[in-house]
Amino acid sequence: MKAVRHIFFDLDNTLWDFGGNSAEVLSELYRSFGLGKLGIPSAQAFVERYEVHNEMAWKAYREGRMDHEQLRWERYWRTLGDFGHQDRKLAIELSVSYLDHLARKDRLMPGAREALSLVQGRYDLHIITNGFEEVQRRKLRSSRLAPYFRSVTTAEAAGMAKPDPRIFSKALIQANADPSQSLYIGDHLVIDGSASEAGMHFLWYNPSGRAENSPHRQIGHWAELAGVLNA
């Protein structure tokens, strides 16, 4: 990939450990909001049901069946409903607190900072993420990742979400980057892999080692990035 001049990264679960940070915040909310008194047996049970509804909500958002404001609170409303306590006011309060606390977390995927330090200065670095504008930028600041990147494109600001290839085209224009000289790295084979439809190279970050048929190159750890770029 020696023709590459620009590297675009997904953020959540690619550089920033969304799974770990989110579970930590949800456990904190379980305790601070006294959710055990509402019949939710444990923080783990709360996290597990939330993750199910969060994925469903994001799928609806990507497909244009839910706007971002509804996404924010409905995933909590449905989670509470699983335990027989559908309370929209509480769901909204949980949503506000969750996003505030989540954006302060700084846990990264193993080797992510080292990989960024390795490519910084050799390539122009950028972010394309499906997250909310304010929340994603706060994550970048809290985790001290912001200085690495020349541009940040969020789904909220772009008005469309991955896997819509138009978000990649918008990001390329913002970065003044040629797609044939641009590499996108993300953890979701379908959602992030659609970068190739915009003419970009795609590298699948697959730390779980999932065995899926894919025409794209992949890495299981950030330490493998240098070898791919030098190939």
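In this text, all values refer to a predicted model and were calculated from it rather than measured experimentally.

A closer look at unusual backbone geometry
Cis geometry is adopted by the peptide bond preceding proline 163, which originates at lysine 162 and carries an omega value of 15°. At asparagine 13, a position not held by glycine, the phi torsion is positive, near 65°. For asparagine 13, a relative accessible area of 25% puts it in the partly exposed group. We note that arginine 144 has phi near 60°; this positive angle belongs to a residue other than glycine. Relative to the elements of secondary structure, arginine 144 occurs in the loop between α6 (133-142) and β3 (151-154).

Side note on the side chain of histidine 126
Along the chain, histidine 126 falls in strand β2 (residues 124-129). Histidine 126 sits in the buried class, given a relative accessible area of 0%. Here serine 151 takes part through its side chain, which lies 2.7 Å from a polar atom of the side chain of histidine 126. If we skip the residues at most four places from it in the chain, histidine 126 touches His6, Ile7, Phe8, Phe9, Phe149, Arg150, Ser151 and Ala175.

A look at the packing of aromatic side chains
One pass over the full model with this rule turns up 13 aromatic pairs. The interplanar angle of 50° and the centroid separation of 5.5 Å between the aromatic rings of tyrosine 50 and tyrosine 98 together place this pair among those described as tilted. Residue tyrosine 50 is located in helix α2 (residues 43-62), and its partner tyrosine 98 is located in helix α4 (residues 88-102); the two are separated by 48 residues in the primary sequence. Take tyrosine 98: its relative accessible area is 1%, and that puts it in the buried class. Above the plane of the ring of phenylalanine 132 lies arginine 72, whose end atom (NZ or CZ) is 4.1 Å from the centre. Across from the ring centre of tryptophan 73, 4.2 Å away, lies the NZ or CZ of arginine 88, which sits over that ring.

Thoughts on the sheet that holds strand β4 (residues 182-186)
One open sheet holds the 6 strands; their spatial order is β3-β2-β1-β4-β5-β6, and the pairing between them is parallel. The open sheet terminates on both sides in strands that have one partner only, identified here as β3 and β6 (217-219). The sheet shows a mean angle of 25° between the axes of neighbouring strands, direction not considered. Of the pairings in the sheet, the one linking strand β1 (residues 6-9) to β4 comprises 4 bridges and is parallel in character. Opposite histidine 6, over in β4, you have serine 182 as the bridge partner. The strands touched by helix α8 (residues 165-175) within the sheet are β1, β2, β3 and β4, with β3 carrying the most contacts at an inclination of about 155°.

A short note on the environment of serine 194
Among the structural elements, serine 194 can be located in the loop between β4 and β5 (201-205). Once the C-alpha coordinates of serine 194 and valine 47 are considered, the two residues, 147 residues apart in sequence, prove to be 29 Å apart. Setting aside anything within four residues of it in sequence, one finds serine 194 in contact with Pro163, Pro165 and Phe168. At 2.9 Å, the side chain of serine 194 forms a polar contact with the backbone oxygen of proline 163.

Scoring rules and cut-offs
Residues numbered from 1 in each chain as written. Predicted model: local features only at pLDDT ≥ 70, side-chain atom pairs only at ≥ 80, totals over all residues. Heavy atoms only, no water. Buried < 20%, exposed > 50% of the residue type's maximum accessible area, 1.4 Å probe, protein only. Helix = DSSP H or I, 4+ residues; strand = E, 2+ residues; numbered from the N terminus. Polar contact = N/O pair within 3.5 Å; in protein donor to acceptor, adjacent residues only side chain to side chain. Contact = heavy atoms within 4.5 Å. Phe/Tyr/Trp six-rings, centres within 6.5 Å; stacked < 30°, edge-to-face > 60°. Lys NZ or Arg CZ within 6 Å of the ring centre and 35° of its normal. Pairing = 2+ DSSP bridges. Axes fitted to C-alpha atoms, helices over the stretch in contact; angles between N-to-C directions.

The values reported here are purely geometric and, on their own, carry no functional implication.
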